[in-house]
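Letter by letter, the chains look like this.
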Amino acid sequence: MSTSPSLIETIKAKINKLLQVKSHWFRTVTKWVWIVLLAFIVGLPLYVFTVSINLFGLYGEMPSIKEIENPENDLSSEIISADGVSLGRYFRYNRSQVPYEELSEDLVNTLIISEDHRFYNHSGLDFPAYIRVMIGLLTFNQQGGGSTITQQLAKNLYTMNPDKSLDGSLSRLGRIPNRVIQKTKEWIISINLERNFTKEEILAMYLNTVTFSSNSYGIKVAAETYFNKAPDSLNLQESAVLVGMLQAATLFNPQRNPENSLRKRNEVLYKVYRHGYKLKTRADYDSIAALPIDLSFNIQNQNEGLATYFRTVMSNYLMKFCKERGIDLWNSGLRIYTTLDSKLQAYAEQSMAEHMAVLQEQFNEEWKGRSPWIDDNGREISGFLNSRIKRTDAYKSLVERYGENSDSLKIALKMKRPMTVFTWKGERDTLFSYMDSLNHYLRFLQSGMMSMDPNTGHIKAWVGGINHKYFKYDHVKQGTRQPGSTFKSFVYGLAMESGYSPCHPMKDISPSFKVPGGVWWPPNADGKRGTGEQMTIRQAMARSVNSITAQMMQALGAENVVEFAHRVGISSQLDPVPSLCLGTSDVSLYELVGAYSTFVNSGIYTEPFFITRIEDKHGNVIENFVPKTRQAINEQTAYKMIYMLMGGVEETGGTSGGLSRELKIDNEIGGKTGTTNNASDGWYMGVTHDLVTGVWVGGDERSIHFPSWLFGQGGRTARPIWDKYMMKVYSDPESGITKGQFKRPASGLDITLDCMKVSENPDSTIVEVQPWDISN
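What you are looking at is a predicted structure, and each value in this text was computed from that prediction instead of being measured.

K.L.:
Requested: an account of the environment of T420, with residues and values cited.
P.N.:
Relative to the assigned elements, T420 resides in strand β4 (residues 417-421). Leave out the neighbours within four places in its chain, and T420 touches E427, R428, D429, Y441 and Y470. Within the structure, T420 has its side chain in polar contact with the side chain of D429 (distance 2.6 Å).

K.L.:
So what's going on with the confidence of the model for the protein? Residues and values would help.
P.N.:
Looking at the protein, the pLDDT average stands at 86 and 82% of residues meet or exceed 70. Throughout residues 762-776 the model reports pLDDT below 50, and contacts reaching past four residues in sequence, or to other chains, amount to 35 contacts.

K.L.:
Any details on the sheet that holds strand β3 (residues 335-338)? Residues and values, ideally.
P.N.:
Spatial ordering of the open sheet is given by β2-β1-β3-β13-β14, a layout of 5 strands whose pairing is mixed. In this open sheet, the two strands that pair with only one neighbour each are β2 (86-90) and β14 (621-624). Strand-to-strand twist in this sheet, taken as the mean axis angle between neighbours without regard to direction, amounts to 20°. Strand direction decides the pairing type here: strand β13 (residues 611-615) and β14, joined by 3 bridges, are antiparallel. If you follow E615 over to β14, its bridge partner there is V621.

K.L.:
Requested: an account of the packing of helix α9 (residues 236-244) against helix α10 (residues 258-274), with residues and values cited.
P.N.:
Following both chains from N to C, one finds α9 and α10 inclined at 110°, their axes separated by 8 Å at the closest point. Judged by the inter-axis angle, α9 sits roughly perpendicular to α10. The two elements α9 and α10 cross, and the hand of that crossing is right-handed. Of the residues in α10, those in contact with L236, Q237, A240, V241, V243 and G244 of α9 are S261, K264, R265, V268, L269 and V272.

K.L.:
Talk me through the nonpolar core; I want residue IDs and the actual numbers.
P.N.:
Core analysis: the biggest nonpolar cluster contains 134 residues, and M314, I336, W462, F490, I537 and Y725 have the highest contact counts within it. The dominant element in this core, judged by the number of residues it contributes, is helix α23 (residues 635-650), at 9 residues. The residues contacting W462, other than those within four sequence positions of it, are Y309, F310, V313, Q345, M449, D474, V476, K477, Y590 and F610.

K.L.:
Outline the side chain of H468, supporting the account with residue identities and numerical values.
P.N.:
By the element assignment, H468 lies in the loop between β7 (459-463) and α18 (488-497). Of the polar contacts made by the side chain of H468, one reaches the side chain of T312; its length is 2.9 Å. Beyond its immediate sequence surroundings of up to four residues, H468 is in contact with Q302, N303, T308, Y309 and T312.

K.L.:
Residue-level account of the packing of aromatic side chains, with values.
P.N.:
To describe a pair of aromatic rings, one takes the distance between the centres and the angle between the planes. Under the criterion given, the structure shown has 30 aromatic pairs. Ring geometry for Y90 and W330: centres 5.7 Å apart, planes at 85°, overall edge-to-face. A residue pair is termed long-range when its members are at least 10 positions apart, and Y90 in strand β2 and W330 in the loop between α12 (308-325) and β3 qualify at 240 residues. The exposure class assigned to W330 is partly exposed, which follows from its relative accessible area of 26%. Here Y596 and F599 contribute two aromatic rings whose centre-to-centre distance is 6.0 Å and whose plane-to-plane angle is 70°, an arrangement assigned as edge-to-face. One end of the pair, Y596, and the other, F599, are both in helix α22 (residues 589-600), 3 residues apart, so they sit about a helical turn from each other. Residue classification places F599 among the buried residues on the basis of a relative accessible area of 1%. Through a chain of ring-to-ring contacts, the aromatic side chains of F310, Y317, F321, W462, Y590, F610 and F625 assemble into a single cluster. Here K739 stacks its cationic end above the ring of Y730, 5.7 Å away from the centre of that ring.

Criteria and thresholds
Residues numbered from 1 in each chain as written. Predicted model: local features only at pLDDT ≥ 70, side-chain atom pairs only at ≥ 80, totals over all residues. Heavy atoms only, no water. Helix = DSSP H or I, 4+ residues; strand = E, 2+ residues; numbered from the N terminus. Contact = heavy atoms within 4.5 Å. Polar contact = N/O pair within 3.5 Å; in protein donor to acceptor, adjacent residues only side chain to side chain. pLDDT = per-residue confidence, 0-100. Pairing = 2+ DSSP bridges. Axes fitted to C-alpha atoms, helices over the stretch in contact; angles between N-to-C directions. Parallel < 35°, antiparallel > 145°, perpendicular 65-115°, else oblique. Left-handed = near helix turned anticlockwise from the far one by under 90°. Core = buried A, V, L, I, M, F, W, Y, C linked by side-chain atoms within 4.5 Å. Buried < 20%, exposed > 50% of the residue type's maximum accessible area, 1.4 Å probe, protein only. Phe/Tyr/Trp six-rings, centres within 6.5 Å; stacked < 30°, edge-to-face > 60°. Lys NZ or Arg CZ within 6 Å of the ring centre and 35° of its normal.

Spelled out as structure tokens, the structure:
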């Protein structure tokens, strides 16, 4: 059957008409595409230009070229020991910078492979990545973002940094316009960063600005927090953990979310395998992916690490130092070089902990079933806890809420709640009320310890208490207590200066003193007035015989003893009263160590100090510190006092005679114990030719002590800490502390120290003290 010509013509006409319509549509679309393209070509640079100059304040300020060349960042100020160990930081955001050279090869390569594998091939913007992102958005199959490492650095430094004000008036239009403006700024800043920094510098800057959760800002702190390593020591799997955290620090935190972190680590490692870095075969990847995350987690704060008390005390000084110079301690990136030695500090902390844990058990056993707060008559102090609770912050807070005498306050104080408390066997979770907590903590014995190089004034170790997290009070410099018999060194020091010989004989008979309200005489440790036995004053000091010290005080005068003590290094106020010879005026451990060092350092007093220099974040020295020194006594007097102190070790019955035998071999040691009334304070001062160390042990209050003087004396409470410390120090050949002899006077001794010869030819110029005279 043939087709009608008219039908064919009709079809042709319709096709032509359709083609004409399509051609018109195509031309219209093409025209608009060219218009849009032209607008994009002309408009985009114009838009970018208006953003870069912040036209009419619409977009917010851009950082200047100078700011881009010198980006600012909150940096923690770091405390560094004399042997180069980081002791801790002061920070708002815990961040420290490291240069590219201190990043491990595994870390750098893992970062580039995971985050920006074309990093070395672009100039800040990765256009193939943008195309991939656009295709992903259109196909609902987005795989990864398009930001380069340089863009992420720009975001960290400026557009997402709350301290940078980059928002303009257009930001009020909503989230999408604001995000577009922010991205534009990132592009501009990225290009400028690439122009002003090398690729290696950009990598280091990026890793220094990112956050890793757990109060860790920057790669250095993160490596220390999660793996206890420096960034240059991170291996491949550790690097993968930290790189994985860049996308969501909390979600992939290996401490909080270990399963998420492990999964993310293995995703990063798979990328490393796909790019052929180190993991050459699937078996290589499977092997490393099967490994667990080996954490060494230690979040950094002022309660953790070495020298916690020292850091707190030093912060008070540093805040004043920085305020005077217009420096912000908490974000300026200062490097504070100290005199502390990390090894000696660790040995001091270990020695204290080892002994105090045992001593606390003995203390608890002695007071089993009883309260250790007693009056001078040995009776428990009534209402002790009720009076002490009023000093606590918890009580003051509850008073504000309920009123001082309300029943609700009493109920709240006794209400039990979950609480983590300190014990020497570790932290313990329990149910305690505020009263229970106070009762628990007041039963702990406290301690302080300081060690110093007497020749330089450098403080080598500072332990202010038994646990900084639970007991904040510093017992080295902040606390002052009665020094007991350790003060006798200043009485005998004045005697040496006044012409007495260590061999001078005296009798063990206590003198009497007129005091307001009657007559006072000092008893010996046994409570008696003396035996009448004759001994040298070196023997008397070695055995800590009170009666002979009191006789010497009577002969020399209390005011003169006060002047001598101040001259050699004691700065606290001292009452010039007869009982001062037994150490009744409060002093600090810091003062005692400095004063005893005067004897070792040939009579030169060097004020103890702990900072050698402070640098800014660029390594420029802000200030160098030098010790303050003065000639306090002559070298003859100084050495005679060293000889007196050595008597504690060498004389029969000396209070330092119980030191470990190993310490005494090929070594000269001087020492003095101290114990106050009722054994409230136990002290030990130990001196060697290159280290002077003091130890104090006691309760938070003077009423808290061992029930008997025998168990609470310094020889039992404080001396063992010194002994343990010196044993550890001498066992370490890298400690820098050696055995040896004390310095002798350069001009030789002006007297003989052979007491047998002195007894044969007694010095006729020495006046015998009349012990029963009553001083006026």
